[in-house]
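Examination of the molecular architecture
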Amino acid sequence: MNSTRPDPDALLGALHAEEARARRGHLKIFLGMCPGVGKTYAMLRAGQRERAAGHDLVAGVVETHGRSETAALLAGLSVLPRRTLDYRGTQLTEFDLEGLLARKPKIALIDELAHTNAPGSRHTKRWQDVLELLEAGIDVFTTLNIQHVESRADAVHQITGAVQQETVPDSLLDLADELELVDLTPETLLERLNEGKVYLGERAAAARANFFQESHLNALRELALRYTAERVDRQLREMRVGVAKQTVWRSGERLLVGVGPSPFSTQLVRWTRRLAAAQGATWVAVHVERTAPLSPEAQRLLDANLSLARELGAEMVITQGNDLAAALVRTALQHNATQIVVGKPRDAWWERFSPRGSLVDRIVRLGGDIDVYVVPAETAGKRLSFDDLDHEVRSGAGEYALAAGIIAGLTLVALVLSPKYYLAIGLVYLLAVILMSLRVGRGPVLAAGVLSALTWNILFIPPRFTLQISKVEDATLFGTYFVVALVAGQLTARIRAQALTEKRREGRATALFNLTRSLAEARTLDEAVFAALRQTDTLFGANTALVLADTRGETTPHFAGSFALDEKERGVAEWVFRHRRPAGRFTDTLPGGAAFYLPLVREDKAVGVLGIAVPADKTLTLAQRDLLEAFARQLALSVEREHLREASEREKLLAESDKLHRVLLDSVSHELRTPLAVITGSLENLPSSDAVLGDTLVAEARAAARRLNRLVSNLLDQTRLESGALKPRLDWCDARDLINAALDGVRDALAGHPLEIVVAADMPPVRADFALTEQALANLLLNASRHTPDGTPVFVTAGVDREGARAFFTVADRGAGFPLGMRERLFKKFERGDAARAGGLGLGLSIVRGFIAAQGGAVMVGENPGGGAVFTIYLPHTPPQPVPAE
């Protein structure tokens, strides 16, 4: 394999990342170690340069904190006005995201990325506003302190004792196209604090006594510098993705060590960690996976060595290949490692006879400018074997027997046919050796090549039954055959090994693809979990369990699991959830567990635990562990997506509840105040009024009381509908009685409207709940009277449709009608027509639909041919059966 060729998977990933970056806006972050270092000042200076270059720039939100030199840099910039929010009687000003999106400049200046927005804003955090701006294609310049980076918040808490309530996820910082470090020495920053350029008055004194101690500032500065250096290192490796890696770039020291199923790997890992710490360098632990499966003991050693490397802070890399030296050098070039650490076991006498040289020789030869450290093995403990260093795929005795049997069979057939055609027999032997390489390992192929060559020479090449060859051409042919057989067998076996490796890799990719597709197609979290666990059961031949956390952080096993968790297993899962580290079987933490447990982690927070219980006689290979971790990450994404959806629904519900609360209070207060004022005024004036005026006042009071009664009835009816307590009582009802009863309840409201009632003479009885249907008709009549001009007619009809399957009641008017887009919205709670007059709660039509739906019917609204609206109630209709005569 050519180690200088760019990794196609990494190259494809880089292309996808570049496409995503091209679609969004450019993000530049000005990072500082703490407040007062001049981040806002640096951002505004950059903004002035962009404005001078002719770019459309808007200062979306800038906090000058009263610093005159910072405020002076706003001169000439277009500043977006802030919007005002009313929160519990307090006027708050906040960044106007909608205004900036509508303005859509080329560049926006957004100060204090970690800021928490005021209640009522579109997003909770300002970094979410920035994400939306980037998705809209707007470039953003923003500022951030190192203590607000999510992955560094715990370290800042340990240093300063201050708990960070506002943090920005590292995933957002990974999107940044530029990160500019704004740096000051602690001495200079303390001078600025003393001069009042950071905080003023008592706040400055408190800061000096707590957060702004010189030791704290030095530690925070180191955090900011290290974070920036790590980001530059990542960017350097990303830049090398599309480059043919023929050498390393020595921009900084980086160590690489190979980790295998050997006790010596423990010594190598610790030695590399000490060397990396001494140099202040990062280091990578690499395991090269072979085609041959590991024994349970070797797998246990490998797991222990990899766990040790993780605990000591190594970056873990798993790669495939049968050539250990080539794989280590290839990985070193991909990760820009300047030094490779390898072991030099003692008494490695076999390496002297290897045609390719020792492992160290090949690494030195292939590595070019990479430094190679050779660490001698410790004398104590287990002596290393050849397999510990660079083993090949081993074949069993059965494969050797098969190879010998094939050669023996061909020899017997050749002897029976005619030994004189020895040239053709040699070609048949050669063909057999090549074909065997498709079925058996490298050792049996080489053995078959040697055995067939000797057999051909002794039994078929003249003079027969000797090792002598009389003719020069026969000797040349024999030598050529020998070389061709060995080379062909070697190459074919290598291709077969590579094919096996690719097949395993393809199997993992297919399994992950199937899981991702199942999770994407799942409509609910339960469906996603069920699909993921069933695929895991089938793929690993095991039983699985999933423990999910709710919003309070309490864990509960999911019902889709095929592995029941007892009290002991629940304890292991709880430990994994709390510490966000694998535990259970195959690990050194709580190894007595019956299952292997992996945490589902998203942004340093566990959302659940995945457990897998394989049969007692089986183990989990490293490749299976990696695949399980990929499964766990995908499941964590699905769980997080569900949590985000639930949070979004809760926010929508709260917003809708707040809206309904305001509407209800406004409407009820208005609707209650008006009839109560009429009743109160009428009763106060009644004793001193004459008979005629008294009758008028009583009539007004009676009308107001009826209006108040309708209001309370509507509220009670809506409560019954939402609580599910409404149980219709169906009976045979006369259509005329239903219409007359409805008219009696609203006759005062219809006093100014002529009525036209048409009921078919042969209208049969209708099976309905009399009270509910009467109330529905009354609400429709009341709606027609309120929303149509005085003097316009109201039409009421009843009948049965042509098919005889539905009875209908219609209420039509000559009002303004309703646009098509408004008709469905009218039946929602607290919704009123756009041109409706003041008054009413907007519950009448919602109650109509609820009452009729409870009886199995439907309500439709349409356009009256002569102008106005038509409401139609449809009820299921079955003609009553006549009672048989006795």
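Residues numbered from 1 in each chain as written. Predicted model: local features only at pLDDT ≥ 70, side-chain atom pairs only at ≥ 80, totals over all residues. Heavy atoms only, no water.

A few points about the sheet that holds strand E8 (residues 178–182)
- The six strands lie next to each other as E3-E2-E6-E7-E1-E8, forming an open sheet whose pairing is parallel. Where the open sheet ends on each side, the last strands, each with one partner, are strand E3 (78–79) and E8.
- Pairing analysis gives six bridges linking strand E1 (residues 27–32) to strand E7 (residues 139–145), with the strands arranged parallel. In the sheet register, Lys-28 faces E7, and the bridge partner there is Phe-141.
- Sitting on the sheet, helix H2 (residues 39–52) is in contact with E1, strand E2 (57–61), strand E6 (107–110), E7 and E8, with an inclination near 165 degrees to E7. (Pairing = 2+ DSSP bridges. Helix = DSSP H or I, 4+ residues; strand = E, 2+ residues; numbered from the N terminus. Contact = heavy atoms within 4.5 Å. Axes fitted to C-alpha atoms, helices over the stretch in contact; angles between N-to-C directions.)

Looking at unusual backbone geometry
- For the peptide bond that leads from Pro-462 to Pro-463, omega is -10 degrees, which places it in the cis range.
- Within the fold, Pro-463 resides in the loop between helix H18 (442–459) and helix H19 (472–521).
- The backbone phi angle of Glu-112 is positive, close to 55 degrees, even though this residue is not glycine.
- Along the chain, Glu-112 falls in the loop between E6 and helix H5 (126–135).

Examining the side chain of Thr-64
- Within the fold, Thr-64 resides in the loop between E2 and helix H3 (68–72).
- Looking at Thr-64, the relative accessible area reads 19%, which means it is buried.
- Among residues more than four places away in sequence, those in contact with Thr-64 are Thr-70, Ala-71 and Leu-74. (Buried < 20%, exposed > 50% of the residue type's maximum accessible area, 1.4 Å probe, protein only.)

A closer look at the sheet that holds strand E20 (residues 755–759)
- An order of E20-E22-E23-E25-E24 is seen for the five strands of this open sheet, with the pairing classed as mixed. Single-partner strands in this sheet number two, and they are E20 and strand E24 (858–863). Put simply, the sheet's adjacent strands are angled 15 degrees from each other on average, direction ignored.
- The pairing of E20 with strand E22 (residues 794–800) spans five bridges and is parallel. Its bridge partner being in E22, Val-758 is matched across the sheet by Thr-797.

Details of the packing of helix H13 (residues 324–334) against helix H14 (residues 359–367)
- The interhelical angle for the contact between H13 and H14, taken along N-to-C directions, is 40 degrees, at an axis separation of 9 Å. The orientation of H13 relative to H14 falls into the category oblique. Relative to H14, the crossing made by H13 is right-handed. Taking contact as the criterion, the partners of Leu-324, Ala-325, Ala-326, Leu-328 and Val-329 in H13 are, on H14, Leu-359, Arg-362, Ile-363, Leu-366 and Gly-367. (Parallel < 35°, antiparallel > 145°, perpendicular 65-115°, else oblique. Left-handed = near helix turned anticlockwise from the far one by under 90°.)

Observations concerning the pattern of salt bridges
- For the coordinates displayed, the defined rule picks out 17 salt bridges.
- With a shortest N-O distance of 2.3 Å, Lys-106 and Asp-139 are connected by a salt bridge. With Lys-106 in the loop between helix H4 (97–103) and E6 and Asp-139 in strand E7, the pair connects residues that are 33 residues apart, well separated along the chain.
- Relative accessible area serves as the criterion here: at 12%, Asp-139 is assigned to the buried category.
- Residue Arg-226 is joined to Glu-222 by a salt bridge in which the shortest nitrogen-to-oxygen separation is 3.0 Å. Here Glu-222 and Arg-226 lie together in helix H10 (residues 214–239), a separation of four residues that amounts to about one turn.
- Given the relative accessible area of 43%, Glu-222 is considered partly exposed.
- When salt bridges that share partners are traced, they join Lys-28, Glu-178 and Glu-180 into one network. (Salt bridge = Lys/Arg side-chain N within 4 Å of Asp/Glu carboxyl O.)

Quick word on the packing of aromatic side chains
- If you walk through the whole model with that rule in mind, you get four aromatic pairs.
- Arranged with centres 5.8 Å apart and planes meeting at 55 degrees, the rings of Trp-271 and Tyr-373 form a pair that is tilted. One end of the pair, Trp-271, is in helix H11 (residues 263–279); the other, Tyr-373, is in strand E13 (residues 371–376), with 102 residues separating them in the sequence.
- For Trp-271, a relative accessible area of 25% translates into the label partly exposed.
- Stacked on the ring of Phe-141, the Lys or Arg Lys-28 has its end atom at 5.6 Å from the ring centre.
- Arg-806 extends its terminal NZ or CZ atom over the ring of Tyr-874, reaching a point 3.9 Å from the ring centre. (Phe/Tyr/Trp six-rings, centres within 6.5 Å; stacked < 30°, edge-to-face > 60°. Lys NZ or Arg CZ within 6 Å of the ring centre and 35° of its normal.)

What to know about the pairing of E1
- Burial analysis of E1 places six of its six residues in the buried class, the great majority of the element.
- Side chains Leu-27, Ile-29 and Leu-31 project from E1 onto one buried face, and the interleaved Lys-28, Phe-30 and Gly-32 project onto a second face that is buried too.
- Taken together, the five bridges between E1 and E8 define a ladder with parallel strand orientation. Along E8, the bridge assignment pairs Phe-30 with Glu-180.

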